[in-house]
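Listed here are the chains, written in short residue letters.
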Amino acid sequence: MDIPNGKCRINISEFIGIVPFTLTILRPGAVYGPGRAFNAHIGPSLGAVMVMIDGGGTVPLCQIGLLAQCLIHAAQRPNGIETINVFDDALPDRDYFLSAFRQCGWPKLALFMPLGLMRLLARITPDSTAMPGLLRKDVLEARHKPLRYSNELMHERLGPVTMMPFDLAMQQ
């Protein structure tokens, strides 16, 4: 029997109470650790030059060790069917994140671009998947609008986790 692709998707909520299983979806921030630090929530870079798009807010980070602990705890503590954000406790703002990078020797030059100017560029360019992500309004907003991130449910459901302070983690 041929089933159109769009009709094959399953709404997980239809199975709650019918199928006896638990499902915990972990949504980590930008994972960082030794050898893995940069993320798209800051701005694009080319060699030693970085363009920082500043819309305010914090950078949604997740230390690699924290994510590993949460994966283990989620497997050991079934909580029904839910989604849990996995973020560090103390998230830096974009300026602080950039200054931590600079202490490591990169970038050599940072150009600052206000979020308002990027929003204008995204508005006047075609809204197409062929365009770079930062010139598409939905991608730009998802990465750069000022947000605060909560990890309360992570602590509540997954129990105690340990994490290194941001400054120490960035030095590794």
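Quantities reported herein were computed from a predicted structural model and do not represent experimental measurements. (Residues numbered from 1 in each chain as written. Predicted model: local features only at pLDDT ≥ 70, side-chain atom pairs only at ≥ 80, totals over all residues. Heavy atoms only, no water.)

(A) Summary view of the overall build of the protein chain. Helices and strands together make up the secondary structure of the protein chain, namely six helices and seven strands. Helices (α) and strands (β) of the protein chain occur, in sequence order from the N terminus, as β-β-β-β-β-α-β-α-β-α-α-α-α. When the 172 residues of the protein chain are sorted by exposure, 34% land in the buried category. If you sum the accessible surface of the protein chain, you get close to 10,500 Å²; carbon and sulfur atoms cover 59% of it. (Helix = DSSP H or I, 4+ residues; strand = E, 2+ residues; numbered from the N terminus. Buried < 20%, exposed > 50% of the residue type's maximum accessible area, 1.4 Å probe, protein only. Areas by Shrake-Rupley, 256 points an atom, 1.4 Å probe, with all protein chains shown as cover.)

(B) Here's a closer look at the side chain of R94. As for its placement among the helices and strands, R94 is situated in helix α2 (residues 94-103). A distance of 2.4 Å separates a polar side-chain atom of R94 from the backbone oxygen of G56. With residues up to four places along the chain from it excluded, the contact list for R94 reads H41, I42, M52, I53, D54, G55, G56, G57, T58, V59, R143 and H144. (Polar contact = N/O pair within 3.5 Å; in protein donor to acceptor, adjacent residues only side chain to side chain. Contact = heavy atoms within 4.5 Å.)

(C) Representation of the confidence of the model for the protein chain within the structure. The predicted model of the protein chain averages 83 in pLDDT, with 86% of residues at 70 or higher. Summarising per-element confidence for the protein chain, the mean pLDDT is lowest in helix α6 (residues 166-171) (83) and highest in helix α5 (residues 152-158) (94). (pLDDT = per-residue confidence, 0-100.)

(D) How the structure looks around the pattern of salt bridges. This model, assessed by the stated rule, comprises three salt bridges. By sharing partners, the salt bridges in this structure join E82, E156 and R157 into a single network. (Salt bridge = Lys/Arg side-chain N within 4 Å of Asp/Glu carboxyl O.)

(E) Local environment of the pairing of strand β6 (residues 81-86). The side-chain alternation of β6 yields one buried face, formed by E82, I84 and V86, and one unburied face, formed by I81, T83 and N85. Bridge count between strand β1 (residues 23-28) and β6: six bridges; the pairing is parallel. Bridging across to β6, L26 finds its partner in I84. (Pairing = 2+ DSSP bridges.)

(F) Spotlight on unusual backbone geometry. Between W106 and P107 the backbone carries a cis peptide bond, its omega angle lying at -5°. Take P107: it is sitting in the loop between α2 and β7 (109-114).

(G) Focus on the state of the cysteines. As enumerated under the stated definition, the model contains zero disulfides in all. Free of any disulfide, C62 has its nearest neighbouring cysteine sulfur in C70, separated by 6.6 Å. Owing to a relative accessible area of 0%, C62 belongs among the buried residues under this scheme. (Disulfide = S-S within 2.5 Å.)

(H) View of the sheet that holds strand β3 (residues 45-46). Read from one edge of the open sheet, three strands run β3-β4-β7, paired in mixed fashion. The open sheet has two edge strands, β3 and β7, and neither has a second partner. Bridge count for β3 against strand β4 (residues 49-54) is two bridges, and the pairing is antiparallel. Each residue of the ladder has a partner; that of S45, found in β4, is M50. Taken strand by strand, α2 contacts β4 and β7, and its axis lies near 165° from that of β4. (Axes fitted to C-alpha atoms, helices over the stretch in contact; angles between N-to-C directions.)

(I) Quick look at helix α1 (residues 64-76). Compared with an ideal rise of 1.5 Å per residue, which puts 13 residues at 18 Å, α1 spans 19 Å between its outermost C-alpha atoms and is within 8% of the ideal. Every buried residue of α1 is accounted for by L66, L67, C70, H73 and A74. Along the long axis of α1, the arc covered by the buried residues comes to 130°, so they all point the same way. Among the exposed residues of α1, those oriented more than 90 degrees off its buried face are A75 and Q76. (Expected span 1.5 Å × (residues − 1). Arc of directions from axis to C-beta.)

(J) Structural context of a nonpolar patch on the surface. Judged by side-chain polarity, L117, L120, L121 and I124 come together as a nonpolar surface patch covering roughly 350 Å² of accessible area. Inspection of the secondary structure assignment puts L120 in helix α3 (residues 115-124). (Patch = residues over 30% accessible without salt bridge, like charges linked within 9 Å, V, L, I, M, F, W, Y side chains within 5 Å.)

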